[in-house]
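One-letter residues, chain by chain:
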Amino acid sequence: MNSNQSTCCCGGKNNQFNNLDEILKKYQGVKGSLIPVLQDAQKAYGYLPKEVLENMAEKMDIPISEIYGVVTFYSQFHLKPRGKNIIRVCQGTACHVRGAKTILQEIEDKLKIQAGGTTTDLLFTLETVACIGACGLAPVLMINDNTYGRLTPESIPEILAKYR
Amino acid sequence: MEHYRSHVLICAGTGCISSGSKKVEAALREQLTQKGLDKEVKIVETGCHGFCEMGPLVIVYPEGVFYIHVQETDVADIVEEHLYKGRIVERLLYKEIGSHEGIPNYKDIDFYKKQMRIILANCGHIDPEEINDYIAIGGYEALGTALTTMNPDEVIDEVKKSGLRGRGGGGFPSGLKWGFARKTPGEKKYVICNADEGDPGAFMDRSLLEGDPHRVLEGMAICGYAIGADEGYLYVRAEYPLAIKRLRIAIKQAEELGLIGDNIFGSGFNFHLKIKEGAGAFVCGEETALMASIEGQRGVPRSRPPFPAVSGLWGKPTNINNVETFANVPQIITKGADWYASIGTEHSKGTKVFALTGRINHTGLAEVPMGITMRQIIYDIGGGIPAGKKFKAVQIGGPSGGCLPEELLDMSVDYDSLIKVGAMMGSGGLVVMDETTCMVDISKFFLSFTQAESCGKCTPCREGTKRMLEILTRITEGQGKEGDIELLEVLAKNIKTTALCGLGQTAPNPVLSTLRYFRHEYEAHIKEKCCPAGACTGLTQYNISEVCKGCGLCTKECPVVAISGEKKGLHIIDQEKCIKCGACMAKCPFKAITKG
């Protein structure tokens, strides 16, 4: 194993809050920093574990109910572990009229999960998104930060294969 | 300074990158070095050219030759033929619709020829990650002019006189808005750029931020000076990673040159910029919700007044405009309000960028003067409807807008005319629909979007859109009842008049406008239980006609074994079993299967 192991984001029980402390330090004294703190914490942990949120509430002196309210309001935040690769299938208007439904269906069939689900091997999480803003290439999807356009159901297996 | 005999511009917007422009660039770099041309030919990564359908795009200057759909394998030809021997690679040129003739120069292509590119002038022509490119063509000149030769009131007067109206949807006069924020007393004020472009089908703000970020920063700084703010926020969707990256670079470069920061141009004016990433909530495009989100709370709107100009971010006077609005400002200062006001109609000045998508030949971004007709946009610039299909409607303004039928194609496109016909400018998304699009399905689509994005604070929006969606869903599934249309109308009217914010107040628009112009489609769904466009699967039937040769391919393809028949005899589809997937129709070599 490589030397990065000790800094692994999921970490052991003991160093679970090291990451959080660093993040909180970065935003110390910054007004309205709850959302950036949550964004950074999610980047570090992959999702927002309950223990991390409780710790955050204590250290930022914000009621846990308020943090929970913010987390569940924004679609970007997740309370459950997610796959290594996040697939976002665009459901925007342009994609809709150019057949986004069949693209989503194909991925659901191939990965055997529904939109919102994660594969059992934690390799993929499948989500829908209202619009990616690449309407010229409709229908489109994003895997992590990469955009794929002009999709057909036939093109899906090849794209998924790149991430296996 | 180094001189190059040729510049090769490669589009590095989100659209072209996903079509493979990064690979093209790598191949080009490698082959130019191999041929020893790397000291003579410069590669420039640009922002979006707006002609995303044709990507990846490559332009070779000084000739201005426009190559489309360029792949890695085409690079050798461009290098060998064009850059080495000076011959245009015909096969990579854009072919005119109709004549199929190749057009070498992009300025001669209808898509560009009929546009008026003011805000998008630099997009695709400068390197967005290089501030000197922007400065070289007059960038930051407007900020300098404003800071050194005008007082804040003069700046506001100029913007008022130009007639600029908010490009985010509402169309409120920008100069007036700035004036309110200036008049409110306060030591601390804020400028916010709303880059939470969430309307499905709109991507002009993303392209602007990716292709010409400094123009937006300059507009914000001028606004800061005018209203007396020393701090600005850009609220950008997290779904736009490239835009965020380029904005960060742009802010850093502007700070290094002292164009953003303290004592700009030695004028004593300080202005600092921060980026806030959105966290995925459409309602945050509403200004009060956006401010709540910057403050770290749930992005829930509040009632107005007080307006942000009086009590905005952290209770301080705040001016919010969207990306395109700010992008207009520098030119108004350098070229003057009179010049700006000479473009457009009486009450809608300047240009508007539209995102053309859907069933149209040239998807992409088109900037046109206000007052142009929809027909000119769709047919002259957009190249019409593909595959010989018939135009049915154009949806303008996203989930807050409406669908316009063919009869209205010749009306003037401006803020006020659009409101009159039940649509709105919105952010400028234009989704073209042909005869295969069902208007009930489209209004259901928009309503399910606003329903999902409703924040839940006020009852009319939270409950009302849900009830409307239920009714639309049952109509598209063939369960529509007499009285459903009237019920939809009552609900729509109530939600429009009582919802708290813009999202709720405009949510019924797609339903109302389709009811106004395509009522017969609703009636067909309810009374005849049929979908004229053949799009609602609950109401369509697949049938096999006499043309059937009995080859049996469809029986193998059908996932639910709904098709039966003797070999070489006419096959039939069991309608009880059929799940309407359309697989049989796609497979039939004799086109014997019909949908209706």
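Residues numbered from 1 in each chain as written. Chains lettered and ligands numbered in written order. Predicted model: local features only at pLDDT ≥ 70, side-chain atom pairs only at ≥ 80, totals over all residues. Heavy atoms only, no water.

An unreviewed UniProt entry annotates chain B as NADH dehydrogenase (Quinone) originating from Pelosinus fermentans JBW45.

By the naming in an unreviewed UniProt entry, chain A is NADH-quinone oxidoreductase, E subunit, taken from Pelosinus fermentans JBW45. Looking at the Sequence similarities (unreviewed entry) heading of the UniProt record, one finds this comment for chain A: "Belongs to the complex I 24 kDa subunit family." (UniProt positions renumbered as here; feature names shortened; annotations may be inferred.)

If you tally the helices and strands in chain B, you get 23 helices and 20 strands. The C-alpha atoms of chain B give 26 Å as radius of gyration, which agrees with the globular expectation for 596 residues (25 Å, within 12%). Seen through its C-alpha atoms, chain B measures out along the principal axes to roughly 90 × 65 × 40 Å. The buried share among the 596 residues of chain B stands at 59%. Placing the 68 positive and 74 negative side-chain charges of chain B at their respective mean positions leaves the two points 4 Å apart. (Helix = DSSP H or I, 4+ residues; strand = E, 2+ residues; numbered from the N terminus. Rg over C-alpha atoms; globule rule 2.2 N^0.38 Å. Buried < 20%, exposed > 50% of the residue type's maximum accessible area, 1.4 Å probe, protein only. Lys, Arg positive; Asp, Glu negative; His and termini not counted. Charge placed at Lys NZ, Arg CZ, Asp CG, Glu CD.)

Residues and elements named next belong to chain B. Counting buried residues along strand β14 (residues 391-396), six of its six residues qualify, which places the element largely inside the surrounding structure. Direction of pairing for β14 relative to strand β16 (residues 429-434): antiparallel, over a ladder of five bridges. Bridging across to β16, Val-394 finds its partner in Val-432. Relative to strand β15 (residues 402-405), β14 runs antiparallel, the two sharing four bridges. Opposite Ala-393, over in β15, you have Pro-405 as the bridge partner. Linking β14 back to β15 in an antiparallel pair, the connection comprises five residues, with Gly-397 at a positive phi of about 90°. (Pairing = 2+ DSSP bridges.)

Turning our eyes to something else, we now look at a nonpolar patch on the surface. A contiguous nonpolar patch, built from Phe-172, Leu-176 and Phe-180 of chain B and spanning about 260 Å² of accessible area, is present on the exposed surface. Note on placement: Leu-176 of chain B falls in helix α8 (residues 174-183). (Patch = residues over 30% accessible without salt bridge, like charges linked within 9 Å, V, L, I, M, F, W, Y side chains within 5 Å. Areas by Shrake-Rupley, 256 points an atom, 1.4 Å probe, with all protein chains shown as cover. Salt bridge = Lys/Arg side-chain N within 4 Å of Asp/Glu carboxyl O.)

Once that is clear, we can look at the domain arrangement of chain B. Under the domain assignment used here, chain B contains domain 1 (6-113), domain 2 (131-341), domain 3 (351-434), domain 4 (439-528) and domain 5 (541-595). Here the C-alpha centroids of domain 1 of chain B and domain 4 of chain B sit 46 Å apart. (Domains from an automatic or database assignment.)

Our next topic: the confidence of the model for chain A. It should be kept in mind that the predicted coordinates are not to be read in detail where pLDDT is low. Residues and elements named next belong to chain A. Of all residues in chain A, 90% have pLDDT values of 70 or greater, and the mean over the chain is 87. Mean pLDDT values for the elements of chain A range from 83 in helix α5 (residues 93-97) up to 96 in helix α4 (residues 64-73). When the criterion is pLDDT under 50, residues 1-14 qualifies, and its contacts beyond four places in sequence or with other chains add up to five contacts. (pLDDT = per-residue confidence, 0-100. Contact = heavy atoms within 4.5 Å.)

Right, let's get into the sheet that holds strand β4 (residues 65-67) of chain B. All names here are of chain B. Strand order in the open sheet formed by four strands is β2-β1-β3-β4, and the pairing between neighbours is mixed. Two strands close off the open sheet at either side, each with one partner strand: β2 (41-46) and β4. If you compare each strand with its neighbour and ignore which way they point, the axes differ by 20° on average. By the bridge criterion, four bridges tie strand β1 (residues 6-11) to strand β3 (residues 58-61) in an arrangement that is antiparallel. In the strand pairing of β3, Leu-9 is matched with Ile-59. Lying on the sheet, helix α2 (residues 21-34) is in contact with β1, β2 and β3; it crosses β2 at an angle near 165°. The strands touched by helix α3 (residues 75-85) are β1, β2, β3 and β4; relative to β4, the strand with the most contacts, the crossing angle is about 170°. (Axes fitted to C-alpha atoms, helices over the stretch in contact; angles between N-to-C directions.)

Attention now moves to the UniProt feature "binding site: [2Fe-2S] cluster" (unreviewed entry) in chain A. Residues given the UniProt feature "binding site: [2Fe-2S] cluster" (unreviewed entry) here are Cys-90, Cys-95, Cys-131 and Cys-135 of chain A. A stretch of 46 residues holds the annotated residues, and the largest C-alpha distance among them is 9.3 Å, short enough that they meet in one place. Tracing the backbone shows Cys-90 of chain A in strand β1 (residues 85-90). A residue is classified by how much of its surface remains accessible, and Cys-90 of chain A, at 2% relative accessible area, is buried. The contacts of Cys-90 of chain A, once residues within four sequence positions are left out, are Cys-95, Ala-100, Val-129, Ala-130, Cys-131, Ile-132, Val-140 and Leu-141 of chain A. Note that Cys-135 of chain A resides in the loop between β2 (124-129) and β3 (141-143). Residue Cys-135 of chain A is classed as buried on the basis of its relative accessible area, which comes to 3%. Setting aside its immediate chain neighbours within four residues, Cys-135 of chain A contacts Ala-94 of chain A together with Gly-201, Ala-202, Phe-203 and Thr-357 of chain B.

Per the stated rule, a full pass over the model turns up 21 aromatic pairs over all chains. Judged by centre distance (5.0 Å) and plane angle (80°), the ring pair of Phe-73 of chain A and Tyr-74 of chain A falls under edge-to-face. Of the two residues, Phe-73 of chain A and Tyr-74 of chain A, neither departs from the other in class, the shared state being buried. The interplanar angle of 70° and the centroid separation of 5.2 Å between the aromatic rings of Phe-445 of chain B and Phe-446 of chain B together place this pair among those described as edge-to-face. Each member of the pair, Phe-445 of chain B as well as Phe-446 of chain B, carries the same accessibility label: buried. Ring pairing ties together the aromatic residues Phe-51, Phe-66, Tyr-94, Tyr-106, Phe-111 and Tyr-112 of chain B, which thus form one cluster. The ring centre of Phe-354 of chain B lies 5.9 Å from the NZ or CZ of Lys-352 of chain B, which sits over that ring. Positioned over the ring face of Phe-590 of chain B is Lys-549 of chain B, at 5.3 Å from the centre of the ring. (Phe/Tyr/Trp six-rings, centres within 6.5 Å; stacked < 30°, edge-to-face > 60°. Lys NZ or Arg CZ within 6 Å of the ring centre and 35° of its normal.)

What follows deals with the interface of chain B and chain A. On the side of chain A, 35 residues touch chain B, which itself brings 54 residues to the contact. Carbon and sulfur atoms supply 56% of the area buried between chain B and chain A, which totals about 3,200 Å² over both sides. A salt bridge links Glu-53 of chain B to Arg-98 of chain A; the shortest N-O distance between them is 3.8 Å. Our enumeration of links across chain B and chain A arrives at 16 residue pairs in polar contact (both at pLDDT 80 or more). For the side of chain B that touches chain A, the elements supplying multiple residues, two or more each, are α1 (14-18), β10 (269-277), α12 (287-294), β12 (351-358), β16 and α17 (439-453) of chain B. Take the side of chain B that touches chain A: its biggest share by element is six residues, from α17 of chain B. (Buried area = accessible area lost by both parts, 1.4 Å probe. Polar contact = N/O pair within 3.5 Å; in protein donor to acceptor, adjacent residues only side chain to side chain.)

Turning to the sheet that holds strand β8 (residues 231-236) of chain B, a few remarks are in order. Residue and element names in this part refer to chain B. Pairing within the open sheet is mixed, and its five strands lie in the order β9-β10-β8-β7-β11. In the strand order of this sheet, the two ends are held by β9 (261-264) and β11 (318-322), each with one partner. Taking each pair of neighbouring strands and ignoring which way they run, the sheet shows an average axis angle of 25°.

To continue, consider the packing of helix α6 (residues 141-149) of chain B against helix α10 (residues 213-227) of chain B. Residues and elements named next belong to chain B. Following both chains from N to C, one finds α6 and α10 inclined at 10°, their axes separated by 9 Å at the closest point. In terms of their interaxial angle, α6 and α10 are classed as roughly parallel. Here Glu-141, Ala-142, Leu-143, Ala-146 and Leu-147 of α6 lie close against α10, whose contacting residues are Glu-218, Ala-221, Ile-222 and Tyr-225. Looking at side-chain class alone, the contact of α6 with α10 contains seven nonpolar, no polar and two charged residues. (Parallel < 35°, antiparallel > 145°, perpendicular 65-115°, else oblique. Nonpolar A, V, L, I, M, F, W, Y, C, P; charged D, E, K, R; others polar.)

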